[in-house]
Amino acid sequence: MALVFTGCGYKPTSQIAQDVLGDRVYVEVAITIQDAQNSVLVKDAVKEAMISRLGRDVVSRSQAQTLIFAKLGAVSFSPTIYDKDGYVIAYKARTNLRLRTVYESGKEDNILVSGEYDFTIEPNSVISDTKRFEAIKNASYEALDEYIALLAIRGFHEHNE
């Protein structure tokens, strides 16, 4: 099986995205006054994704090969499941992220990605801050997975041109 993947030139998506970004990445997340707590969560999620999912070093702007400027867009919560008494017991969190990526070559990409996360709550209760933060963070991770996939597609196209 390994021979088949090696022979056909298989390369994991994360490896292609790593090649596109380079080894050193600068990440800046715009903190909005209206949504400061959620912006901070997104900032942590973006940095963690660069380190854990792609193995990139997050460095200062002057040392970076690639600059990523992220901004949290819309955050929404929608009820998805109701119990027999009509109380909401599950929600879907949605986040939109706008990521402007400036590559070492000077090229820029503006990418809008979104993520979702389903979670439950106790019947007849409100969404706690802990649940809300966890949901936004997980939805942001899903959005970042979409971003990584889009980077891989870009890298694949550039490599085959």
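Reading the values: rules and limits
Residues numbered from 1 in each chain as written. Predicted model: local features only at pLDDT ≥ 70, side-chain atom pairs only at ≥ 80, totals over all residues. Heavy atoms only, no water. Helix = DSSP H or I, 4+ residues; strand = E, 2+ residues; numbered from the N terminus. Buried < 20%, exposed > 50% of the residue type's maximum accessible area, 1.4 Å probe, protein only. Areas by Shrake-Rupley, 256 points an atom, 1.4 Å probe, with all protein chains shown as cover. Core = buried A, V, L, I, M, F, W, Y, C linked by side-chain atoms within 4.5 Å. Contact = heavy atoms within 4.5 Å. Polar contact = N/O pair within 3.5 Å; in protein donor to acceptor, adjacent residues only side chain to side chain. Expected span 1.5 Å × (residues − 1). Arc of directions from axis to C-beta.

Q: Just checking my understanding: could you explain the overall build of the chain for this structure?
A: Scanning the chain for helices and strands turns up four helices and five strands. In sequence order, the chain lays out its α and β elements as α-α-β-α-β-β-β-β-α. Looking at the chain as a whole, 38% of its 161 residues qualify as buried. For the chain, the exposed surface amounts to about 9300 Å²; the carbon and sulfur share of it is 51%.

Q: Can you help me understand the nonpolar core in this one?
A: Considering soluble globular proteins, one finds that nonpolar side chains tend to be buried as a cluster. Leu21, Met50, Leu97, Leu99 and Tyr147 are the most contacted members of the largest nonpolar core, which totals 25 residues. Only α2 (13-21), β1 (24-30), α3 (36-53), β3 (66-82), β4 (88-102), β5 (108-120) and α4 (129-159) provide two or more residues apiece to this core. With six residues, the top contributor of residues to this core is α4. With near-sequence residues (within four places) excluded, methionine 50 lies in contact with Leu21, Val25, Val27, Gly55, Arg56, Val58, Ile68 and Tyr147.

Q: What is the right way to look at the side chain of threonine 66 in this model?
A: If you trace the backbone, threonine 66 turns up in strand β3. For threonine 66, a relative accessible area of 1% puts it in the buried group. At a separation of 2.3 Å, a polar atom in the side chain of threonine 66 contacts the main-chain carbonyl oxygen of leucine 21. Here threonine 66 is in contact with Val20, Leu21, Gly22, Arg24, Val25, Tyr26, Thr101, Val102 and Tyr103, once residues within four sequence places are set aside.

Q: Quick question: what am I supposed to make of α3 here?
A: For an α-helix the count is 3.6 residues per turn, leaving residues at separations of three or four pointing the same way. The end-to-end C-alpha distance of α3 is 25 Å, a good match for the 26 Å that 18 residues give at a rise of 1.5 Å each. For α3, the full list of buried residues reads Asn38, Ser39, Leu41, Val42, Ala45, Val46, Ala49 and Met50. Buried residues of α3, seen end-on, are gathered within an arc of 165° and therefore sit on one face of the element. The first or second residue beyond α3 is glycine 55, which carries a positive phi of 65°.

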